[in-house]
Amino acid sequence: MHKKTVTVTPISILQSLYLTVVNYNSNGLIAHASSCAFGFLFSFIPTAMLILVILIRILHASPLQLSDLLGEDSSLIALLNMTNLFKNVQQITSITNFEVIIGIAIIWMARRFFSSIITGINLIFMQEAKPQPLIKQFIILALQAIITISMSVLIFIIITLRTLNLVGLPVLNRLSQMFPVITNFLSKQTITFLPYTLALIVVTICYKMGSRTHPPLKLCLVCAALCTGLFYLLQKFTHIFINMNNYNMVYGVLSSSIVLLMQVFFFFVLFMFFAEFLFVTQYLDTLIISQMYLLPAYDDTRPSSTIKRLLFIRPATLLKKGTYVMHYQKGEYIYHKGERGKNVYYIVKGSVCIQYRNSISFIDRGSFFGEEACMLDEIHYGDAIAHTSVEIIQIPEYIFFSILEKNPKVSMKALSRISTYFAKFYGRSTNYLI
């Protein structure tokens, strides 16, 4: 599919959101988000346990520090039972074959978590993503392990920085005494926003590397920031209505599992939505052309059809770029009879007269013409003349063929036009140039 730089306008934002919602539903990404959330309990929690074991066993972090870091109301703390985990890890004096096998199993389950994410991204970008060589797949496996270790090291660095004042550094002690309010504020902000910062980094990497379509890093970062920011607001909104203390009294640790699963589900809903938004933004031009070709007829008065016509009948982004925009005055020829069809035409404004030997047809705004000769690599059997002053978008054949290949609905409509074309011309006479 043809990829172009996006021109941001209010109408392009509305078009992108519309296409994102439509593609999101057609790809069944909500169901996939549910499967990712369910797989999270079997994949990410072992990864989190592995990270906590590294922090406790190797980096000697205390349960109090980890509890402060993750937040007092974290569902993850209730699920993992930090105190018991700390005691059990501390009792391990040597690493046996059993621990090695368990470690490999945890890493393998963690890999399934990454795999579920990549599967969802592939579902969105599969038409455009290029196949990966075997060596690159091994590199991705190595990167997944590096991410796990890097998260442990990053958490340890933050814990170390937060506890430096205990080491007795005079400068830090003086700053802490002079600005206690600022110190406490920064400490709380670090605790609050660390998980979201890590999520922002990981989501950006997934969008950039997982799509395999080379999206701009800036665009990936914007989509990741929107995903993470909305998830943060959603969590704040959820905590207003959910009192975990009441749920814990009734359901115990099960309530933490339910709330955690719900939060993870909403995160993956947002993750998949903005991955789809990334795809739509990357290929907005050709997606808009597809919608132009599939515009409903004027006698279709359904609300969805009306909205679609209002959004796509005038492709503002294509007109603003002006790459394929053509203007003709009344009476000018757009193409002549006998010319080879190399382009497809869309009327933005005005009307066009198609003159055949024995008939005349008029085509108005929001209509395509010339695609039959382009698809069949034939000559035009009529003259296309501007009936009024017209504005036309000329779509090259390679773009139109790419849309036919990627969009089945466009292909079905084009084939329907071709069958009508054959019935009209080849069903009567093959010599219309006389």
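Below is a short write-up of the structure.

Rules and cut-offs
Residues numbered from 1 in each chain as written. Predicted model: local features only at pLDDT ≥ 70, side-chain atom pairs only at ≥ 80, totals over all residues. Heavy atoms only, no water. Helix = DSSP H or I, 4+ residues; strand = E, 2+ residues; numbered from the N terminus. Contact = heavy atoms within 4.5 Å. Polar contact = N/O pair within 3.5 Å; in protein donor to acceptor, adjacent residues only side chain to side chain. Buried < 20%, exposed > 50% of the residue type's maximum accessible area, 1.4 Å probe, protein only. Phe/Tyr/Trp six-rings, centres within 6.5 Å; stacked < 30°, edge-to-face > 60°. Lys NZ or Arg CZ within 6 Å of the ring centre and 35° of its normal. Pairing = 2+ DSSP bridges. Axes fitted to C-alpha atoms, helices over the stretch in contact; angles between N-to-C directions. Parallel < 35°, antiparallel > 145°, perpendicular 65-115°, else oblique. Nonpolar A, V, L, I, M, F, W, Y, C, P; charged D, E, K, R; others polar. 1 Å grid on protein atoms, 1.4 Å probe; cavity = no way out; pocket = protein on both sides within 12 Å on 5 of 7 lines; lining within 4 Å. Points joined across faces, edges and corners; volume = space filled by probe spheres on them.

Considering the arrangement of structural elements, one finds glutamate 371 in helix α17 (residues 371-376). Considering only alpha carbons, one finds glutamate 371 and phenylalanine 400, 29 residues apart in sequence, at a separation of 8.6 Å. The contact partners of glutamate 371, leaving out residues within four places of it in the chain, are Tyr293, Val344, Phe400 and Arg417. Separated by 2.9 Å, the side chains of glutamate 371 and arginine 417 make a polar contact.

The next thing to look at is helix α14 (residues 284-293). In terms of burial, α14 is largely enclosed, as ten of its ten residues are buried. Those residues of α14 that sit buried are Leu284, Asp285, Thr286, Leu287, Ile288, Ile289, Ser290, Gln291, Met292 and Tyr293.

Next up on the list: the packing of aromatic side chains. Applying the stated criterion across every chain, the model contains 20 aromatic pairs. The structure contains a cluster of three or more aromatic residues connected by ring pairs, namely Tyr196, Tyr207, Phe231, Tyr232, Phe267, Phe268 and Phe271. Its end group placed over the ring of tyrosine 293, lysine 413 keeps NZ or CZ at 5.3 Å from the ring centre.

Covered by surrounding structure in strand β7 (residues 383-386) are Asp383 and Ile385 together with Ala384 and Ala386, the residues of both alternating faces. Bridging between strand β4 (residues 352-355) and β7 involves four bridges; their strand directions are antiparallel. Across the sheet, the residue bridging to valine 352 is alanine 386, located in β7.

Time to look at the sheet that holds strand β1 (residues 325-328). Spatial ordering of the open sheet is given by β1-β8-β3-β6, a layout of four strands whose pairing is antiparallel. The strands lining the two open edges of the sheet, one partner per strand, are β1 and β6 (368-369). In the sheet, strand β3 (residues 343-349) pairs with strand β8 (residues 390-396) via six bridges, with the strands oriented antiparallel. Pairing of tyrosine 346 across the sheet is with isoleucine 393, part of β8. Of the strands in this sheet, β3 and β8 are in contact with helix α18 (residues 397-406), which crosses β8 at around 70 degrees.

So, on to the packing of helix α1 (residues 10-26) against α14. The relative placement of two packed helices comes down to the angle between their axes together with the axis-to-axis distance. Interaxial distance between α1 and α14 falls to 11 Å at its minimum, and their mutual angle equals 75 degrees. Judged by the inter-axis angle, α1 sits roughly perpendicular to α14. Each of Ser12, Gln15, Ser16, Tyr18 and Leu19 in α1 lies in contact with α14, whose residues at this interface are Leu284, Leu287, Ile288 and Gln291. Residue classes in the contact of α1 with α14 are distributed as five nonpolar, four polar and no charged.

Under the counting rule described, the total for this entry stands at one cavity of 30 Å³ or more. Lining the largest cavity are Phe231, Leu234, Gln235, Thr238, Gln263 and Phe266. Elements that contribute at least two residues to the lining of the largest cavity include exactly α11 (217-241) and α13 (253-282). It is α11 that contributes the most residues to the lining of the largest cavity, four residues altogether. Looking at the lining of the largest cavity, its residues break down into three nonpolar, three polar and no charged.

A few words on the sheet that holds β7. In spatial order, the strands read β2-β7-β4-β5; together these four strands make up an open sheet with antiparallel pairing. Both outer strands of the open sheet, β2 (333-335) and β5 (360-363), are each paired with one neighbouring strand and no more. With direction set aside, neighbouring strand axes in the sheet form an average angle of 30 degrees. As judged from the two bridges shared by β2 and β7, these two strands associate in the antiparallel manner. Its bridge partner lying in β7, tyrosine 333 is registered against isoleucine 385.

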